[in-house]
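# Architecture at a glance
These are the residues of each chain, in order.
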Amino acid sequence: ANFVIRNSEIRLFKTPFPGIGTCLPSWVTSSLKLNNNLFFNWDGFNEAIGAVLKDPQEVTWLDLSFNQFETIGEEIASYTKLSSLYLHGNHIEDLKEIKKLTPLTSLKSLTLHGCPIEEVKNYRSSVIGLLPWLRQLDFSPVTKQEQSIAKQVLATAERRKAAAAARREAVV
């Protein structure tokens, strides 16, 4: 696996379970802090998490900030109990990456500030539109007004996409 945990801190809420033989110990926790590493891709992510956590699917808080990610790995969608995900300070730049988080309906807090995606037009509205259950984005509360604007931005984008598809079909 290419996913090597270097500068990590596992925040424990329960007691550790000893590993088998020379394996790493497995911990029962719902919080995992893996910020400030040199992670640049998601190869081996699930295996690495599975090696240190007794039940990785119970993770509700995951800090992957200040790494080198340019994408959001599809692996993240399997952690359906995530309520907080920190991705700030990475290199994520495409709003299409946010769609990978749509299975995470328990996600209430997301951070992406300090990533190039923050400079995309309608960034905040687009993210809120794609993840309408968010309560916090970049450590700022999501307001009812922002939710309303996000619906409008998303509807406009969908109309433009449909119009572009219709034009392409008309040409063919």
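The numbering scheme is per chain: residues are counted from 1 as the chain's sequence reads. Thresholds applied to this predicted model are a pLDDT of at least 70 for local features of residues and 80 or more for the giving and counting of side-chain atom pairs; totals over whole chains, interfaces and linings are not thresholded and use all residues. Water and hydrogen atoms were dropped before computing side-chain values, which therefore reflect all heavy atoms in the structure.

### Concerning the overall build of the chain
For clarity, the threshold we go by: Numbering of helices and strands runs from the N terminus; a helix is a DSSP stretch of H or I covering at least four residues, while a strand is a stretch of E covering at least two. Relative accessibility under 20% of the residue-type maximum defines a buried residue, over 50% an exposed one, and the middle range a partly exposed one, all with a 1.4 Å probe and only protein chains included. Residue contacts are counted whenever heavy atoms from the two residues lie within 4.5 Å of one another. Here the open area of atoms and residues is found with the Shrake-Rupley method and a 1.4 Å probe, where only the protein chains shown may cover a residue.
The number of helices and strands found in the chain is three helices and nine strands. Listed N to C, the secondary structure of the chain is β-β-β-β-α-β-β-β-α-β-β-α in terms of helices and strands. The buried share of the chain, reckoned over its 172 residues, is 37%. Considering only contacts in the chain between residues 6 or more positions apart, those separated by 24 or more positions represent 61%. For the chain, the accessible area works out to roughly 9,800 Å², and carbon and sulfur atoms hold 54% of it.

### Things to note about the layout of surface pockets
Cut-off, in case you're wondering: Cavities and pockets were defined on a 1 Å grid built over protein atoms only: a cavity is a set of grid points that admits a 1.4 Å probe from which the probe cannot escape, a pocket is an open set flanked by protein on both sides within 12 Å along at least five of seven lines, and lining residues are those with an atom within 4 Å of any such point. Grid points are joined across faces, edges and corners, and a volume is the space filled by probe spheres set on the points.
Counted as a void, the largest pocket has a volume near 560 Å³. Taken together, 18 residues line the largest pocket, and the ones lying closest to its centre are Leu95, Lys99, Ser126, Leu154 and Ala157. When contributions to the lining of the largest pocket are tallied by element, the ones reaching two or more residues are α2 (123-130) and α3 (144-171). Ranked by residues supplied to the lining of the largest pocket, first place goes to α3 with eight residues.

### With respect to the packing of aromatic side chains
Basically, it comes down to this: Here the aromatic set is Phe, Tyr and Trp, taking the six-membered ring for Trp, and pairing holds for ring centres within 6.5 Å; pairs whose planes are under 30 degrees apart are stacked, those over 60 apart are edge-to-face, and all others are tilted.
Under the counting rule described, the total for this entry stands at six aromatic pairs. With 5.9 Å between their ring centres and 85° between their planes, Phe45 and Tyr79 make a pair best called edge-to-face. With Phe45 in helix α1 (residues 45-52) and Tyr79 in the loop between β5 (61-63) and β6 (84-86), the pair connects residues that are 34 residues apart, well separated along the chain. There is no split in this pair, since Phe45 and Tyr79 are both buried.

### Observations concerning the environment of Leu62
Take Leu62: it is sitting in strand β5. Since its relative accessible area comes to 3%, Leu62 is described here as buried. The spacing of Leu62 and Ser83 is 21 residues in sequence and 8.6 Å in space, taken between C-alpha atoms. Beyond its immediate stretch of four places on either side in the chain, Leu62 contacts Leu32, Leu34, Phe45, Ile76, Leu82, Ser84, Leu85 and Tyr86.

### Some words on the pattern of salt bridges
The test is simple: The salt bridge definition used is simple: a Lys or Arg side-chain nitrogen within 4 Å of an Asp or Glu carboxyl oxygen.
For the coordinates displayed, the defined rule picks out three salt bridges. The salt bridge partner of Arg124 is Glu146, with a shortest N-O separation of 2.4 Å. A residue pair is termed long-range when its members are at least 10 positions apart, and Arg124 in helix α2 and Glu146 in helix α3 qualify at 22 residues.

### With respect to the side chain of Ser84
Locating Ser84 in the fold gives a position in strand β6. Beyond its immediate chain neighbours, meaning those up to four positions away, Ser84 contacts Thr60, Trp61, Leu62, Leu107 and Ser109.

### As for the nonpolar core
Put simply, the rule is: Take the buried Ala, Val, Leu, Ile, Met, Phe, Trp, Tyr and Cys residues and link them wherever side-chain atoms come within 4.5 Å; each set so joined is a nonpolar core.
Counting residues in each nonpolar core, the largest one holds 37 residues, and the members touching the most others are Leu62, Leu64, Ile76, Leu110 and Val127. Secondary-structure elements contributing two or more residues to this core are α1 and α2. Considering each element in turn, this core owes the most residues, four residues, to α2. Residue contacts for Leu64: discarding those within four places in its chain leaves Leu34, Asn35, Phe39, Trp42, Phe45, Phe69, Ile76, Tyr86, Leu87 and Asn90.

### Details of the environment of Thr71
Along the polypeptide, Thr71 turns up in the loop between β5 and β6. Its relative accessible area of 33% is what places Thr71 among the partly exposed residues. Separated by 21 residues in sequence, Thr71 and Ile92 have C-alpha atoms that sit 5.4 Å apart. Setting aside anything within four residues of it in sequence, one finds Thr71 in contact with Trp42, Ile92, Glu97 and Lys100.

### Digging into α2
Given 3.6 residues per helical turn, the α-helix brings residues three or four places apart onto the same face. Extensive coverage of α2 is indicated by the burial of seven of its eight residues. Buried residues of α2: Tyr123, Ser125, Ser126, Val127, Ile128, Gly129 and Leu130, and no others.

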